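Per-entry structural report
One-letter residues, chain by chain:
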Amino acid sequence: MSFGETPITVIGNLTADPEIKFTTGGAALAKFTIAATPRVFDREANQWKDGNATFFRCAAWRQLAENAAESLTKGARVVAHGRIRQHDWKTDAGENRSMLVLEVDEIGASVRFTTVTINAKRPAQSTPAAGDDAWNTDASAGKPESDEPPF
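Procedures and definitions
- Residues numbered from 1 in each chain as written.
- Predicted model: local features only at pLDDT ≥ 70, side-chain atom pairs only at ≥ 80, totals over all residues.
- Heavy atoms only, no water.
- Helix = DSSP H or I, 4+ residues; strand = E, 2+ residues; numbered from the N terminus.
- Buried < 20%, exposed > 50% of the residue type's maximum accessible area, 1.4 Å probe, protein only.
- Contact = heavy atoms within 4.5 Å.
- Salt bridge = Lys/Arg side-chain N within 4 Å of Asp/Glu carboxyl O.
- Polar contact = N/O pair within 3.5 Å; in protein donor to acceptor, adjacent residues only side chain to side chain.

**A few points about the overall build of the protein**
When you go through the protein residue by residue, the secondary structure sums to 1 helix and 8 strands. Its helices and strands in sequence order give the protein the pattern β-β-β-β-β-β-α-β-β, from N to C terminus. The buried share among the 151 residues of the protein stands at 21%. Contacts spanning at least 24 positions in sequence make up 56% of the contacts within the protein whose residues lie at least 6 apart.

Dropping the structure here:
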């Protein structure tokens, strides 16, 4: 995230399965919409009901896009964190248009009303050899040179 950008976190439900596409350069892009619906108390009926939903168009890129498309489905309650971007363009008729999009940096399933199973995958390049990981507590991995953290 760049300096001056406003971070935003949205909690809501996916309105459809994420749609994944690939750019001509091969970068994955997942597009989806999150509906954030507040609960409001209706005093006349003496009960809670859904308020007016706000719909957030979202975009996720690269590995996050692929993981979101594989993991999330319509109706899933999610927590998404990112930043708002404005996209401007001209129509074929020459009219100016703009749209706000939540560019997602992190997204995950909410466990407030359900349970999920996590299948963790670590990218091959970030998996250190056992002897190279100063935080590894496996006795066979070798001991770090000191008991101090490596920072």
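**What about the pattern of salt bridges?**
For the coordinates displayed, the defined rule picks out 5 salt bridges. Its salt-bridge partner being R97, residue E95 comes within 3.0 Å of it at the nearest N-O pair. Note on E95: relative accessible area 40%, which makes it partly exposed.

**Quick look at unusual backbone geometry**
Of note in this structure, N46 is not a glycine but carries a positive phi near 60°. Secondary-structure assignment places N46 in the loop between strand 4 (39-42) and strand 5 (47-50). Residue class for N46 comes out exposed when judged on its relative accessible area of 59%. In this structure, R62 is a non-glycine residue whose phi angle is positive, near 55°. Here R62 lies in helix 1 (residues 62-71). The exposed category is assigned to R62, whose relative accessible area is 53%.

**Details of the side chain of D42**
Within the element layout of this structure, D42 appears in strand 4. The exposure class assigned to D42 is buried, which follows from its relative accessible area of 19%. A polar atom in the side chain of D42 sits 3.3 Å from the side chain of K49. Setting aside residues no more than four positions away along its own chain, D42 makes contact with Q47 and K49.

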